[in-house]
Amino acid sequence: VQEMPMNGRDFRQMLKLAPGVNPANNSVNGMRTSGNNYQIDGADNNDAFHNTSAVNQGGVAGIAGTLLPVEAIDQFAIATNASSDQGRNGGSNVNLVIKSGSNGLHGSAYYFNRREALASLTPFQAPGFKKRVVRNDQYGFSLGGPVIKNKLFYFVTGEAQKAIAAISLRDTHPSTAWVSQARGVLQRFGVAESPLANAVLRAWPSRYNDLPATTNNLTGSDQNLYDSYNGIIKVDYNINDKNTIAVRYFGGTGKQVATTGSAYQEYFQVAPSRMHNVSVVANSTLSPRVFNNLILGTNYFLQIFNDKDTGFNPVGIGLNTGVTEPSLIGTPTLRIANFAGAGYTQPLGRIDTTGHITDNLSITVGRHQLKVGGEYRRAHLDVFYDTNKRGSLTWDGTAGPWATDATVSG
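Residues numbered from 1 in each chain as written. Predicted model: local features only at pLDDT ≥ 70, side-chain atom pairs only at ≥ 80, totals over all residues. Heavy atoms only, no water.

Peer 1: I keep staring at the pattern of salt bridges and nothing clicks. Help me out?
Peer 2: As a working rule, side chains carrying opposite charge can pair if their charged atoms are close by. In the structure shown here, the tally under the stated rule is 12 salt bridges. Put simply, Arg377 and Asp44 hold a salt bridge, and the shortest N to O gap is 2.7 Å. Of the two residues, Arg377 is situated in strand β18 (residues 368–385) and Asp44 in strand β2 (residues 43–44); the sequence distance between them amounts to 333 residues. Under the relative-accessibility criterion, Arg377 is labelled partly exposed at 29%. Measuring nitrogen to oxygen at the nearest pair gives 2.8 Å for the salt bridge that ties Arg135 to Glu116. On the criterion of sequence distance, the pair formed by Arg135 in strand β8 (residues 134–148) and Glu116 in the loop between β7 (106–114) and β8 is long-range, its members being 19 residues apart. (Salt bridge = Lys/Arg side-chain N within 4 Å of Asp/Glu carboxyl O. Helix = DSSP H or I, 4+ residues; strand = E, 2+ residues; numbered from the N terminus. Buried < 20%, exposed > 50% of the residue type's maximum accessible area, 1.4 Å probe, protein only.)

Shown next, in the form of structure tokens:
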């Protein structure tokens, strides 16, 4: 696992190496991607809303909001035709087994980076062209050892990721020069200027107002920013020769600020992510022929999306969108035909919490093996996808007397 080249050190890349897996979307044996069942030490690791992995799930532009440290993985197993005792989904079962401590003290420290200085220009760029900033830093550690020899062990690991990717997007900003042309059209057709229209234009960043009245006058070069901080604590206890128990906690937090189409940094999408995953695994050898496996697991997933800048108050400028809830103050979706838009992400997100108790009893009878068990699972989803709750306004130029005048453009 440690030596595999994985883009972003994301364990989901390992799925692509298994037979029957479509590397484009990680679907297995032709089943839907939502047919995969993700587990960590046998505990649930699924976002119940999207039916995909909770830990390492992509946020803005598919970049993982949290990352389970690859350094912590002892075993990676994918059952392409999962048996019924693995539960939940009818497709594959993907299980990560986290390392445990041992009688010897073991640890590691690492740092990986990517820099544009080490990359070559693409064949589409002219010689001497300044390279676009693309940087990714990942660093972490792991440590495992005994608390009580042969009895009690610990393993801890932590990993952080900080990434930068500059953009290069072209669009047309409604600059002062464009507004002056629009005023000329109003005067030509004898239409009074709307004071509200001037106020609405404040939603567009004023730092670009000096640009000329030309198409694609704006080249956005702001940076996408990503960070992620993750850690695991695991304790193993050998109660006696027949009974063991392992308790493990994963916690991760991250935030992404990246474009989803806007050249304005104010309207980059910001997505904080929070994940917690806990498992308690008890194994008992009840007799030479009877073995019991008990798993208590819980999984918490939070991800919220919004515009980076929500300081614009439409009600304060006289634009009555009907929105009075303080948490929804921010830019409505504003679009002027042929120009860059303002307001790209209205508030949306979800909190998924899943808990389960799973028990499997294996019995050997002569040449036969029997397996019986059951599971109690409870999933709670708090989903708030407030589509258009701030309002959506579009100006396409078709409402005025100039609509049929071929000499009017822009």
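Next comes the rest of the write-up.
Peer 1: Explain the side chain of Asn306 to me, please; I cannot follow it from the model alone.
Peer 2: As for its placement among the helices and strands, Asn306 is situated in strand β15 (residues 290–307). Among the polar contacts listed, one links the side chain of Asn306 to the side chain of Arg390, at a separation of 3.1 Å. Other than its neighbours up to four places away in sequence, Asn306 contacts Phe268, Gln269, Val270, Thr345, Gln346, Pro347 and Arg390. (Polar contact = N/O pair within 3.5 Å; in protein donor to acceptor, adjacent residues only side chain to side chain. Contact = heavy atoms within 4.5 Å.)

Peer 1: In this structure, what is going on with helix α1 (residues 176–189)? I would like to understand it.
Peer 2: Working note: α-helix, 3.6 residues per turn, so residues spaced by three or four point in the same direction. In a regular helix each residue adds 1.5 Å, so 14 residues correspond to 20 Å; α1 covers 20 Å between its end C-alpha atoms and thus fits that length. For α1, every residue scored as buried is listed here: Trp178, Val179 and Leu186. Buried residues of α1 fall within an arc of 100° about the axis and therefore sit on the same side. Following α1 by one or two positions, Gly190 adopts a phi angle in the positive range, close to 70°. (Expected span 1.5 Å × (residues − 1). Arc of directions from axis to C-beta.)

Peer 1: What exactly am I supposed to notice about the nonpolar core here?
Peer 2: When a protein is soluble and globular, its nonpolar side chains tend to lie buried together. One finds Phe11, Val55, Leu68, Ile73, Ile98, Ile232 and Phe250 to be the most contacted residues of the largest nonpolar core, which totals 23 residues. Listed by contribution, the elements that provide at least two residues to this core are β1 (37–40) and β6 (93–98). When sequence neighbours within four positions are dropped, the list of residues in contact with Phe11 reads Met6, Tyr38, Asn45, Ser53, Val55, Asn56, Leu68, Ile73, Phe76 and Leu96. In this structure, Tyr208, Tyr267, Leu319 and Ala340 belong to the second largest nonpolar core, which totals 15 residues. (Core = buried A, V, L, I, M, F, W, Y, C linked by side-chain atoms within 4.5 Å.)

Peer 1: Quick question: what am I supposed to make of the sheet that holds strand β17 (residues 348–365) here?
Peer 2: Think of a sheet as strands paired side by side through backbone hydrogen bonds, with each pair either parallel or antiparallel. What the nine strands build is an open sheet, ordered β7-β8-β9-β12-β13-β14-β15-β17-β18; its pairing is antiparallel. Both edges of this open sheet fall to β7 and β18, since each of them pairs with a single strand only. Each strand axis lies, on average, 5° off the axis of its neighbour in the sheet, ignoring direction. As paired strands, β17 and β18 are joined by 18 bridges and run antiparallel to one another. Within β18, the position partnered with Leu361 by the bridge is Val372. (Pairing = 2+ DSSP bridges. Axes fitted to C-alpha atoms, helices over the stretch in contact; angles between N-to-C directions.)

Peer 1: Explanation requested: the pairing of β17 in the structure shown.
Peer 2: On a regular strand, each side chain points to the face opposite its neighbour's, so the side chains alternate between the two faces of the sheet. When β15 meets β17, the two strands line up antiparallel, connected through 16 bridges. The residue of β17 that forms the bridge with Ile304 is Gly349.

Peer 1: Would you take a moment to explain the sheet that holds β2 for this structure?
Peer 2: Spatial strand order, β2-β1-β6-β5: four strands in an open sheet with mixed pairing. The open sheet terminates on both sides in strands that have one partner only, identified here as β2 and β5 (73–79). Relative to β6, β1 runs parallel, the two sharing four bridges. Note on β6: the bridge partner recorded for Ile40 is Leu96.

Peer 1: Honestly, the packing of aromatic side chains in this entry has me stumped. Any pointers?
Peer 2: When we look at a pair of aromatic rings, we describe it by the centre distance and by the angle of the planes. Evaluation of the coordinates by the stated rule reveals six aromatic pairs. Ring plane angle 90° and centroid distance 5.1 Å describe the contact between Trp178 and Phe339, whose orientation is recorded as edge-to-face. Here Trp178 is found in helix α1, whereas its partner Phe339 is found in the loop between β16 (333–336) and β17, with 161 residues between them in sequence. Considered together, Trp178 and Phe339 belong to a single accessibility category, that of buried residues. (Phe/Tyr/Trp six-rings, centres within 6.5 Å; stacked < 30°, edge-to-face > 60°.)

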